[in-house]
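# Reading the structure
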Amino acid sequence: MERIEHRACFGGWQDVYRHHSSVLDCATNVAVYLPPQARQGRLPVLYWLSGLTCTEQNFITKAGAQRYAAEHGVIVVALDTSPRGEGVADDPAYDLGQGAGFYLNATEPPWAAHYRMRDYVADELPALIEANFPATDARGISGHSMGGHGALTIALAHPGRYRSVSAFSPIVAPAQVPWGEKAFAAYLGHDRAAWRCHDATELLRTARERLPLLVDQGEADEFLATQLRPELLREACTRANHPLTLRLHPGYDHSYYFVASFIGEHIAWHARAMKG
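Report on the accompanying structure. (Residues numbered from 1 in each chain as written. Predicted model: local features only at pLDDT ≥ 70, side-chain atom pairs only at ≥ 80, totals over all residues. Heavy atoms only, no water.)

### Some thoughts on the environment of glutamate 202
Convention followed: Put simply, DSSP marks the helices as runs of H or I at least four residues long and the strands as runs of E at least two long, and each gets a number from the N terminus on.
Within the secondary structure, glutamate 202 is located in helix α6 (residues 200-203). For the pair glutamate 202 and glutamate 71, spaced 131 residues apart in sequence, the C-alpha to C-alpha distance is 36 Å.

See the structure below:
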């Protein structure tokens, strides 16, 4: 891993590393915040998944998470949203291709060669972090929008892998909304049965673990009714008797102003679960 950024922040260090991913078959960036407590021992890790068009930079520069990570003694890892680089398939649209990996394992050409974000997030990246940093195997996962979809689906698909999960403005039922239908058709093909393992509302039907879900959603979000549809998550959790805390916030939109307003509460939620 090559460190390409190193900045003091709230008594710890906000670093960015570049490494070659064998899963993605390309070089990728990963941001690691080490709070001051990391000098004394190993700490739990919160993995952050960002939304459409983002890189690791959006979260580390806009969310203000470092202050709360330092307060609670949590390492925070933020990654890119897709494979990138020469030779990696792309599309002119913002909601497909580079910057729009949807945290799944693509099966269709030309995407299947590189777009294996689910395996990268769930397997390769935690192994890399736990081998190279003062990290325990206590993991939490969170994200925003497309990243909220990724956090929910990856946690639900890997029982026992995470101790906590939360999301901001997640795409809760991608198989039923335009963003997800476009991406899933391209990455996974047109057989909708293959989409179910990447849809949180479907995964809840057979979930073997009752990991509590924390979801925050702004009521002034411009994508609320068409792309996000949190009511579908509430209905799925009710049917499955799965614990859900869904908080709706008047006036808040889809931006990082919303994430920054509640990220402290989310980090406290994860810290309690990962240390408890």
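### Section: the packing of helix α2 (residues 65-72) against helix α9 (residues 256-275)
Relative orientation and spacing of two packed helices are given, respectively, by the angle between their axes and the distance between those axes. Applicable threshold: Interaxial angles span 0 to 180 degrees and are taken between N-to-C directions of axes, which are lines fitted to C-alpha atoms, for helices over the stretch in contact. Any angle that falls under 35 degrees is termed roughly parallel, while one over 145 is termed roughly antiparallel, one within 65 to 115 roughly perpendicular, and all others oblique. For any helix crossing, the convention is left-handed if the near helix is rotated counterclockwise from the far helix by under a right angle, and right-handed if that rotation is clockwise. The contact criterion used throughout is that any non-hydrogen atoms of two residues lie within 4.5 Å. Put simply, Ala, Val, Leu, Ile, Met, Phe, Trp, Tyr, Cys and Pro go in the nonpolar bin, Asp, Glu, Lys and Arg in the charged bin, and everything else, Gly too, in the polar bin.
Orientation of α2 relative to α9, taken along the N-to-C sense of each, is 30°, at an axis distance of 9 Å. For the element pair α2 / α9, the angle class is roughly parallel. Along this stretch, α2 crosses α9, giving a crossing that reads as right-handed. Residue-level contacts link Ala65, Tyr68, Ala69 and His72 of α2 to Ile263, Gly264, Ile267, Ala268, Ala271 and Lys275 of α9. Considering only residue class, the contact of α2 with α9 consists of 7 nonpolar, 2 polar and 1 charged.

### Here's the deal with the side chain of histidine 242
Rules: We call a residue buried when its accessible area falls under 20% of the maximum for its residue type, exposed when it is over 50%, and partly exposed in between, using a 1.4 Å probe and counting protein chains only.
Looking at the secondary structure, you find histidine 242 in the loop between α8 (230-240) and β9 (244-249). Taking the relative accessible area as the measure of exposure, histidine 242 reaches 5% and is therefore buried. When near neighbours in sequence (up to four residues on either side) are disregarded, histidine 242 contacts Leu156, Leu204, Ala207, Glu209, Arg210, Leu211, Leu213 and Cys237.

### Description of the sheet that holds β9
The line we're drawing: Pairing between two strands requires that DSSP report at least two bridges joining them.
Strand order in the open sheet made by the 9 strands is β1-β2-β3-β5-β4-β6-β7-β8-β9, with mixed pairing throughout. Strand pairing shows two members of the sheet lacking a second neighbour, β1 (2-9) and β9, which therefore form its edges. Neighbour-to-neighbour, the strand axes of this sheet turn through a mean angle of 20°, independent of strand direction. In terms of strand pairing, strand β8 (residues 213-218) meets β9 through 6 bridges, oriented parallel. The partner of glycine 218 across the bridge, within β9, is histidine 249. Each of β1, β2 (12-21), β3 (26-34) and β5 (75-79) is contacted by α2, which is oriented at about 55° to β3, the strand it contacts most. Packed onto the sheet, α8 meets β8 and β9 and runs at close to 155° relative to β9.

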